[in-house]
Structure formats: C-alpha cells, structure tokens
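Commentary on secondary and tertiary structure
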Amino acid sequence: MMDLLSLPSLHLRVPPFPSGPSALTLIFRMQGMQVFRVQGARRNPQQKRFQQLLSMASLSFRSRPAAGATGVAETLRTRSDVDEVFIRGEWFGDDDAGELGEALAGDTSLKRIYLVGCSFGARGLSNIAEALKVNDTLENLFLDSTDIGDAGAAMLADALVSNSTLYELFLQQCGFGVLGSKAIAKALETNASLGWLDMGHNKIGDAGALIIADALASSGSWPRIQIQLAGCSIGE
C-alpha cells in the first residue's frame, strides 16, 4: 500500500474549517484524498476543537476517493496521527457511513468527524452510534444536512447515555422532530460530557423545545450545555 506521506507535497493556506482559524498546512494528495499535516495554526482558546490541531493530520474528502469509504476506514485503522475527518457530499451513503463507524469503534486518535450534506440515514448512522458507546477519544461530531430522522436521533441519544468524551454535537437540518427531541432530552439527563448541542432547523416545535428545557432543568445541566434551536418552528 502506498505511503501517503511519501507523496509530493505543497505548502499553501487552506480555507478554515467551520468556525476555525486558517492554518498553514502541508497537503498530500492521492486519488481525490487529501491529508492535511498542520504545521502551525492561530489558536482561539474559545474554540476547543482546534486546540489540538498542531502536529496532527486531517483527512478531507469532497468526492469519492478511488477506494471509496473502504479507503477512509483503512487509513484510520493504519494511521495513529489522524485526528480529524471531513467528508462532504451525497457520495457518502449508508454503506460508507457503516464502514466509518466500524473503524471508529477501534480508533484511538480521532477527535473530530465532519459529515456534511451526506446521503446516509439511520441505517448508515447505526454503526457510528454504536461506536460512540465504546470510543473514548472523539470530541466533536458534525452531521449537518444529513437526513437521519427520528430513528437516527434516537440512536445518537442512546449512545450519549454511555459516551463520556463527546463535547460538541451538530445536528442542523437532520430531519427529526418531537420524537427525536424526546430521545435526546432523555440522554441529556445523564450525559456529563456534552457542552454544545446544535439542533437547529429541525421541526421540533414548541413541544420538542419544552421537552429539552424540562430535561435541562431537571438534570441541572444548564448552563453547562448550550443548546441551539434556531429555525425549529418554535412559537409558530
């Protein structure tokens, strides 16, 4: 198997990841896959997810690599210096997410996963949710614009009950409603690690918002957990 780090390299400034600083990186390219080796970054102490970027690597996929998700999973299994995966696009479906979940279960270095605008649903999410029950390194999970629905939200909620490291969970436009909110609210009563939960632009309405509020109040989790509910049809 070709060693990614033996490929020709190029220094350049890469656009920032969501909410993050620009970083001077060394990029390695192979068949649509990019591995970002961070040489230096402007840290913002308020952005916890970027405090450990130095000396680590990030995999970024905006189109399907030649080996598909199998290549993504295999890289995570064989590289101990990858702490971030960024995947955008409808090419990443249920089977792909399933393979990523299997790799995540045994991963000891990954801290951030960005899965944005992907085409997998609850079936693909199931392996990722199961991995969260045993993984003890992942801190940030972004699933924005991925249609996991109420079933997927319930899977994540079940994982949050036992997970103790996830700090940020982004679920904007994930297609769930009151049922998904109810499951997540139940998990918030016992989860002690989550500090930021973005449920924006899901149709949870007043009923879902009240369920979340009651869970925060009864568990004493507020203000440790910050909740974003923009665009959730509240008060309409």
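Look above for the structure.
This report concerns the structure included in the present document. (Residues numbered from 1 in each chain as written. Predicted model: local features only at pLDDT ≥ 70, side-chain atom pairs only at ≥ 80, totals over all residues. Heavy atoms only, no water.)

It is worth spelling out the pattern of salt bridges at this point. Counting across every chain of the model gives 9 salt bridges. Residue Asp158 pairs with Lys133 through a salt bridge whose shortest N-O separation is 2.7 Å. Placement of the pair is Asp158 in helix α4 (residues 149-162) and Lys133 in the loop between α3 (122-132) and β7 (140-142), with a sequence separation of 25 residues. For the salt bridge of Glu189 with Lys186, the shortest nitrogen-to-oxygen distance reads 3.8 Å. The class of Glu189 is partly exposed, set by a relative accessible area of 36%. (Salt bridge = Lys/Arg side-chain N within 4 Å of Asp/Glu carboxyl O. Helix = DSSP H or I, 4+ residues; strand = E, 2+ residues; numbered from the N terminus. Buried < 20%, exposed > 50% of the residue type's maximum accessible area, 1.4 Å probe, protein only.)

This brings us to the pairing of strand β5 (residues 82-88). When a strand is regular, its side chains alternate between the sheet's two faces. Counting buried positions along β5 gives 6 out of 7 residues, so the element sits mostly inside the fold. Traced from β5 through helix α2 (residues 94-105) to strand β6 (residues 112-116), the parallel crossover comes out right-handed. (Right-handed = clockwise from strand over helix to strand, strands pointing away.)

On to the packing of helix α5 (residues 178-188) against helix α6 (residues 205-219), then. Where α5 contacts α6, the axes come no closer than 9 Å and their chain directions differ by 5 degrees. Classified by the interaxial angle, the pair formed by α5 and α6 is roughly parallel. Note on element contacts: α6 touches α5 through Ala207, Gly208, Ile211, Ile212, Ala215, Leu216 and Ser219, opposite Val178, Ser181, Lys182, Ile184, Ala185 and Leu188. Looking at the contact of α5 with α6, its residues break down into 9 nonpolar, 3 polar and 1 charged. (Axes fitted to C-alpha atoms, helices over the stretch in contact; angles between N-to-C directions. Parallel < 35°, antiparallel > 145°, perpendicular 65-115°, else oblique. Contact = heavy atoms within 4.5 Å. Nonpolar A, V, L, I, M, F, W, Y, C, P; charged D, E, K, R; others polar.)

It is worth spelling out the packing of aromatic side chains at this point. Tallied over the entire structure, the rule returns 5 aromatic pairs. On the basis of an interplanar angle of 75 degrees and a centroid distance of 6.0 Å, the ring pair of Phe92 and Phe120 is categorised as edge-to-face. With a gap of 28 residues between them, Phe92 in the loop between β5 and α2 and Phe120 in the loop between β6 and α3 connect regions that are remote in the sequence. One exposure class covers both Phe92 and Phe120, and it is buried. Where Tyr114 meets Phe142, the ring centres are 4.3 Å apart and the plane angle is 20 degrees; that geometry is what we call stacked. A residue pair is termed long-range when its members are at least 10 positions apart, and Tyr114 in strand β6 and Phe142 in strand β7 qualify at 28 residues. Accessibility classification places Tyr114 together with Phe142 in one group, the buried group. (Phe/Tyr/Trp six-rings, centres within 6.5 Å; stacked < 30°, edge-to-face > 60°.)

To continue, consider unusual backbone geometry. Even without being a glycine, His201 presents a positive backbone phi close to 60 degrees. Assignment of secondary structure puts His201 in the loop between β9 (196-198) and α6. With phi around 60 degrees, Ser233 is a residue other than glycine that occupies positive phi space. For Ser233, the location among the structural elements is in the segment after β10 (226-228).

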